Amino acid sequence: MALPDYSLRQLLEAGAHFGHRTQRWNPKMGSYIFGVRNDIHIIDLTQTVPLLHQALLAMRDVVAGGGRVLFVGTKRQATEPVAAAAKRCAQYYVNHRWLGGTLTNCQTISHSIKRLRTVEETLTSMHTSGLTKKELLQLMRERDKLERALGGIKDMGGLPSMLFVIDTNKESIAVAEARKLEIPVAAILDSNSDPDGINFPIPGNDDASRAIALYCDLAARAVIDGLSEGQAATGADLGASDPVIHHDVGESAGAEARPN
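Residues numbered from 1 in each chain as written. Predicted model: local features only at pLDDT ≥ 70, side-chain atom pairs only at ≥ 80, totals over all residues. Heavy atoms only, no water.

**With respect to the overall build of the chain**
And then number 1: Looking only at helices and strands, one finds eight helices and eight strands in the chain.
And then number 2: A burial count over the chain gives 49% of its 260 residues as buried.
And then number 3: The long-range share in the chain, meaning contacts at least 24 apart out of those at least 6 apart in sequence, stands at 66%.
And then number 4: Put simply, the chain shows about 12900 Å² of open surface, and 50% of that area lies on carbon and sulfur atoms. (Helix = DSSP H or I, 4+ residues; strand = E, 2+ residues; numbered from the N terminus. Buried < 20%, exposed > 50% of the residue type's maximum accessible area, 1.4 Å probe, protein only. Contact = heavy atoms within 4.5 Å. Areas by Shrake-Rupley, 256 points an atom, 1.4 Å probe, with all protein chains shown as cover.)

**Things to note about the pairing of strand β2 (residues 33-37)**
And then number 1: Here β2 pairs with strand β3 (residues 40-43) via four bridges, running antiparallel. Bridge pairing in β3 places R37 opposite I40.
And then number 2: Following β2, the chain reverses through two residues before pairing antiparallel with β3; N38 in that reversal takes a positive phi of roughly 55°. (Pairing = 2+ DSSP bridges.)

**Quick word on helix α3 (residues 76-88)**
And then number 1: Of all the residues in α3, the buried ones are Q77, A78, P81, V82, A83, A85 and A86.
And then number 2: Packed against the buried residues of α3 are β4 (69-72), β5 (92-94), β6 (162-166) and α8 (209-233).
And then number 3: Backbone geometry just after α3 places A90 at a positive phi near 60°.

**Here we look at the nonpolar core**
And then number 1: In this structure, L56, V69, F71, F164, I166 and Y215 are the most contacted members of the largest nonpolar core, which totals 39 residues.
And then number 2: Going through the elements one at a time, α2 (45-64), β4, α3, β6, β7 (185-189) and α8 are the ones with two or more residues in this core.
And then number 3: For this core, the leading source of residues is α8, giving 11 residues.
And then number 4: Listed in part, the 28 residues of the second largest apolar core include Y32, I113, V165 and V175. (Core = buried A, V, L, I, M, F, W, Y, C linked by side-chain atoms within 4.5 Å.)

**Details of the side chain of H41**
And then number 1: Within the secondary structure layout, H41 lies in strand β3.
And then number 2: Overall, the relative accessible area of 7% leaves H41 in the buried class.
And then number 3: For H41, the contacting residues outside a window of four places in its chain are H17, F18, G19, H20, R21, T22, W25, I33, G35, V36 and S191.

Here it is as C-alpha coordinates:
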(Lines give C-alpha, C1' and ligand atoms only; values in the text may rest on other atoms or scores of the structure.)
Protein backbone atom coordinates (compact mmCIF):
# COMPACT_ATOMS: atom_id res chain seq x y z
CA MET A 1 0.00 0.00 0.00
CA ALA A 2 1.07 3.60 -0.57
CA LEU A 3 -0.25 7.09 -0.19
CA PRO A 4 -2.84 8.06 -2.83
CA ASP A 5 -1.43 9.58 -5.99
CA TYR A 6 -2.59 13.00 -7.14
CA SER A 7 -1.23 15.74 -9.34
CA LEU A 8 -1.28 19.50 -9.66
CA ARG A 9 -3.48 19.03 -12.72
CA GLN A 10 -6.10 17.21 -10.65
CA LEU A 11 -6.15 20.07 -8.16
CA LEU A 12 -6.52 22.55 -11.03
CA GLU A 13 -9.42 20.60 -12.54
CA ALA A 14 -11.14 20.56 -9.15
CA GLY A 15 -10.80 24.34 -8.87
CA ALA A 16 -8.54 24.17 -5.82
CA HIS A 17 -6.56 27.21 -6.98
CA PHE A 18 -9.41 29.73 -6.75
CA GLY A 19 -9.26 31.91 -3.64
CA HIS A 20 -11.70 34.60 -2.55
CA ARG A 21 -11.98 38.15 -3.81
CA THR A 22 -8.96 40.26 -3.00
CA GLN A 23 -10.98 42.36 -0.53
CA ARG A 24 -11.60 39.30 1.66
CA TRP A 25 -8.10 37.92 1.95
CA ASN A 26 -6.13 37.30 5.12
CA PRO A 27 -2.63 38.84 4.79
CA LYS A 28 -1.20 35.87 6.69
CA MET A 29 -1.98 33.78 3.60
CA GLY A 30 0.17 36.03 1.41
CA SER A 31 2.98 33.49 1.07
CA TYR A 32 0.54 30.91 -0.34
CA ILE A 33 -0.94 33.20 -3.02
CA PHE A 34 0.38 33.04 -6.58
CA GLY A 35 -1.33 36.16 -7.93
CA VAL A 36 -4.62 37.84 -8.82
CA ARG A 37 -6.96 37.22 -11.73
CA ASN A 38 -10.23 39.08 -12.24
CA ASP A 39 -10.06 40.38 -8.69
CA ILE A 40 -9.75 36.80 -7.36
CA HIS A 41 -6.70 35.54 -5.52
CA ILE A 42 -5.06 32.53 -7.14
CA ILE A 43 -3.58 30.04 -4.70
CA ASP A 44 -0.11 28.69 -5.44
CA LEU A 45 -0.75 24.99 -6.02
CA THR A 46 2.97 24.28 -6.33
CA GLN A 47 2.99 24.74 -2.56
CA THR A 48 -0.31 22.91 -2.06
CA VAL A 49 0.98 19.68 -3.60
CA PRO A 50 3.83 19.03 -1.11
CA LEU A 51 1.89 20.41 1.86
CA LEU A 52 -1.06 18.15 1.07
CA HIS A 53 1.35 15.24 0.85
CA GLN A 54 2.70 16.05 4.33
CA ALA A 55 -0.83 16.18 5.75
CA LEU A 56 -1.79 12.86 4.15
CA LEU A 57 1.41 11.29 5.43
CA ALA A 58 0.64 12.53 8.95
CA MET A 59 -2.88 11.10 8.83
CA ARG A 60 -1.60 7.78 7.59
CA ASP A 61 1.02 7.57 10.33
CA VAL A 62 -1.49 8.51 13.04
CA VAL A 63 -3.89 5.76 12.00
CA ALA A 64 -1.10 3.22 11.45
CA GLY A 65 -0.09 3.84 15.06
CA GLY A 66 -3.60 3.09 16.31
CA GLY A 67 -4.87 6.68 16.39
CA ARG A 68 -8.15 8.12 15.14
CA VAL A 69 -8.88 10.97 12.75
CA LEU A 70 -11.88 13.25 13.18
CA PHE A 71 -13.19 14.78 9.94
CA VAL A 72 -14.79 18.19 10.48
CA GLY A 73 -16.78 20.12 7.88
CA THR A 74 -20.19 21.61 8.62
CA LYS A 75 -20.65 23.93 5.64
CA ARG A 76 -23.26 22.83 3.10
CA GLN A 77 -20.76 21.79 0.43
CA ALA A 78 -18.75 19.67 2.87
CA THR A 79 -21.55 17.86 4.69
CA GLU A 80 -21.88 14.83 2.42
CA PRO A 81 -18.20 14.44 1.35
CA VAL A 82 -17.00 14.62 4.97
CA ALA A 83 -19.48 12.01 6.20
CA ALA A 84 -18.90 9.71 3.22
CA ALA A 85 -15.10 9.88 3.54
CA ALA A 86 -15.12 9.25 7.29
CA LYS A 87 -17.49 6.28 6.99
CA ARG A 88 -15.48 4.86 4.12
CA CYS A 89 -12.28 4.72 6.18
CA ALA A 90 -13.97 3.82 9.50
CA GLN A 91 -13.19 7.14 11.19
CA TYR A 92 -15.35 9.81 12.83
CA TYR A 93 -16.91 13.06 11.69
CA VAL A 94 -18.83 16.19 12.59
CA ASN A 95 -20.74 17.53 9.58
CA HIS A 96 -23.83 19.28 10.94
CA ARG A 97 -22.84 21.66 13.72
CA TRP A 98 -19.86 21.72 16.02
CA LEU A 99 -21.10 21.74 19.60
CA GLY A 100 -18.91 23.87 21.83
CA GLY A 101 -17.00 21.58 24.18
CA THR A 102 -17.08 18.55 21.88
CA LEU A 103 -13.41 18.00 22.72
CA THR A 104 -12.88 20.04 25.86
CA ASN A 105 -16.07 19.06 27.71
CA CYS A 106 -16.25 15.33 27.15
CA GLN A 107 -18.46 14.73 30.18
CA THR A 108 -21.36 16.75 28.76
CA ILE A 109 -20.92 15.28 25.30
CA SER A 110 -20.82 11.76 26.74
CA HIS A 111 -24.08 12.47 28.56
CA SER A 112 -25.69 13.56 25.28
CA ILE A 113 -24.42 10.43 23.53
CA LYS A 114 -25.88 8.25 26.29
CA ARG A 115 -29.16 10.06 25.84
CA LEU A 116 -29.03 9.36 22.10
CA ARG A 117 -28.49 5.65 22.73
CA THR A 118 -31.33 5.56 25.25
CA VAL A 119 -33.71 7.19 22.78
CA GLU A 120 -32.62 4.79 20.03
CA GLU A 121 -33.25 1.79 22.29
CA THR A 122 -36.68 3.12 23.22
CA LEU A 123 -37.63 3.63 19.58
CA THR A 124 -36.35 0.18 18.66
CA SER A 125 -38.90 -1.33 21.03
CA MET A 126 -41.57 1.31 20.43
CA HIS A 127 -44.34 -1.26 20.02
CA THR A 128 -43.85 -2.49 23.57
CA SER A 129 -42.81 0.81 25.13
CA GLY A 130 -46.35 1.84 26.02
CA LEU A 131 -45.71 5.39 24.77
CA THR A 132 -48.34 7.39 22.90
CA LYS A 133 -47.93 8.44 19.29
CA LYS A 134 -47.20 11.99 20.39
CA GLU A 135 -44.50 10.85 22.80
CA LEU A 136 -42.94 8.64 20.13
CA LEU A 137 -42.97 11.54 17.67
CA GLN A 138 -41.20 13.75 20.20
CA LEU A 139 -38.58 11.03 20.75
CA MET A 140 -38.05 10.68 17.00
CA ARG A 141 -37.46 14.41 16.67
CA GLU A 142 -35.04 14.32 19.61
CA ARG A 143 -33.21 11.35 18.09
CA ASP A 144 -32.88 13.06 14.72
CA LYS A 145 -31.51 16.21 16.35
CA LEU A 146 -28.98 14.29 18.44
CA GLU A 147 -28.02 12.09 15.49
CA ARG A 148 -27.23 15.12 13.31
CA ALA A 149 -25.02 16.61 16.00
CA LEU A 150 -23.42 13.49 17.48
CA GLY A 151 -24.03 10.61 15.08
CA GLY A 152 -20.55 10.79 13.62
CA ILE A 153 -18.76 10.66 16.98
CA LYS A 154 -21.05 8.52 19.13
CA ASP A 155 -18.71 5.52 18.77
CA MET A 156 -15.44 7.47 19.11
CA GLY A 157 -15.11 6.70 22.81
CA GLY A 158 -12.50 9.36 23.55
CA LEU A 159 -10.46 12.15 22.04
CA PRO A 160 -9.28 11.88 18.43
CA SER A 161 -5.59 11.79 17.61
CA MET A 162 -5.88 14.30 14.76
CA LEU A 163 -8.40 16.61 13.08
CA PHE A 164 -8.93 17.05 9.35
CA VAL A 165 -10.80 20.33 8.86
CA ILE A 166 -12.55 21.94 5.90
CA ASP A 167 -12.72 25.77 6.36
CA THR A 168 -10.96 26.89 9.54
CA ASN A 169 -13.04 30.08 9.68
CA LYS A 170 -16.32 28.22 10.03
CA GLU A 171 -14.75 25.58 12.28
CA SER A 172 -12.80 28.04 14.42
CA ILE A 173 -14.18 26.58 17.67
CA ALA A 174 -13.10 23.07 16.69
CA VAL A 175 -9.60 24.33 15.84
CA ALA A 176 -9.39 26.27 19.11
CA GLU A 177 -10.39 23.22 21.14
CA ALA A 178 -7.86 21.04 19.32
CA ARG A 179 -5.10 23.59 19.94
CA LYS A 180 -5.99 23.75 23.64
CA LEU A 181 -5.69 19.96 23.89
CA GLU A 182 -2.59 19.89 21.63
CA ILE A 183 -4.33 17.72 19.04
CA PRO A 184 -2.67 18.20 15.64
CA VAL A 185 -4.83 19.76 12.92
CA ALA A 186 -4.63 19.32 9.16
CA ALA A 187 -6.80 21.90 7.44
CA ILE A 188 -7.73 23.34 4.07
CA LEU A 189 -6.82 27.03 4.09
CA ASP A 190 -8.50 29.39 1.64
CA SER A 191 -7.17 32.89 0.93
CA ASN A 192 -9.28 34.30 3.79
CA SER A 193 -8.09 31.76 6.40
CA ASP A 194 -5.70 32.17 9.31
CA PRO A 195 -2.85 29.62 9.11
CA ASP A 196 -1.70 30.26 12.69
CA GLY A 197 -1.92 27.17 14.87
CA ILE A 198 -2.54 24.77 11.98
CA ASN A 199 -0.01 21.94 12.16
CA PHE A 200 -0.51 20.80 8.58
CA PRO A 201 -1.75 23.70 6.42
CA ILE A 202 -3.14 22.85 2.99
CA PRO A 203 -3.66 25.99 0.84
CA GLY A 204 -6.70 25.51 -1.37
CA ASN A 205 -10.27 26.40 -2.24
CA ASP A 206 -12.53 25.41 0.67
CA ASP A 207 -15.84 26.29 -1.03
CA ALA A 208 -15.93 24.42 -4.36
CA SER A 209 -17.72 21.11 -3.90
CA ARG A 210 -15.42 19.33 -6.36
CA ALA A 211 -12.32 20.47 -4.52
CA ILE A 212 -13.77 19.42 -1.16
CA ALA A 213 -14.68 16.02 -2.59
CA LEU A 214 -11.09 15.59 -3.80
CA TYR A 215 -9.58 16.54 -0.43
CA CYS A 216 -11.88 14.16 1.42
CA ASP A 217 -11.22 11.36 -1.03
CA LEU A 218 -7.46 11.71 -0.63
CA ALA A 219 -7.76 11.88 3.16
CA ALA A 220 -9.90 8.75 3.26
CA ARG A 221 -7.45 6.86 1.06
CA ALA A 222 -4.52 7.95 3.23
CA VAL A 223 -6.35 6.68 6.33
CA ILE A 224 -7.17 3.38 4.63
CA ASP A 225 -3.47 3.04 3.79
CA GLY A 226 -2.65 3.68 7.44
CA LEU A 227 -5.14 1.04 8.57
CA SER A 228 -3.60 -1.48 6.19
CA GLU A 229 -0.12 -0.59 7.41
CA GLY A 230 -1.22 -0.97 11.02
CA GLN A 231 -2.75 -4.37 10.32
CA ALA A 232 0.38 -5.50 8.50
CA ALA A 233 2.51 -4.43 11.47
CA THR A 234 0.46 -6.62 13.77
CA GLY A 235 0.80 -9.59 11.42
CA ALA A 236 -2.82 -9.57 10.25
CA ASP A 237 -3.55 -11.31 6.95
CA LEU A 238 -4.98 -8.55 4.77
CA GLY A 239 -5.68 -10.77 1.76
CA ALA A 240 -8.84 -9.89 -0.04
CA SER A 241 -9.82 -7.42 2.68
CA ASP A 242 -7.90 -4.58 1.04
CA PRO A 243 -10.44 -1.97 -0.01
CA VAL A 244 -10.68 -1.13 -3.69
CA ILE A 245 -10.66 2.63 -4.13
CA HIS A 246 -12.01 4.29 -7.24
CA HIS A 247 -11.26 7.93 -7.86
CA ASP A 248 -12.56 10.09 -10.66
CA VAL A 249 -11.62 13.73 -10.69
CA GLY A 250 -13.80 14.55 -13.66
CA GLU A 251 -13.77 17.53 -15.96
CA SER A 252 -12.54 21.03 -15.22
CA ALA A 253 -14.38 23.01 -12.56
CA GLY A 254 -12.74 26.32 -13.30
CA ALA A 255 -16.07 28.05 -13.82
CA GLU A 256 -17.51 26.91 -10.48
CA ALA A 257 -19.07 29.83 -8.65
CA ARG A 258 -17.44 31.25 -5.54
CA PRO A 259 -19.13 33.25 -2.79
CA ASN A 260 -18.33 36.95 -2.78
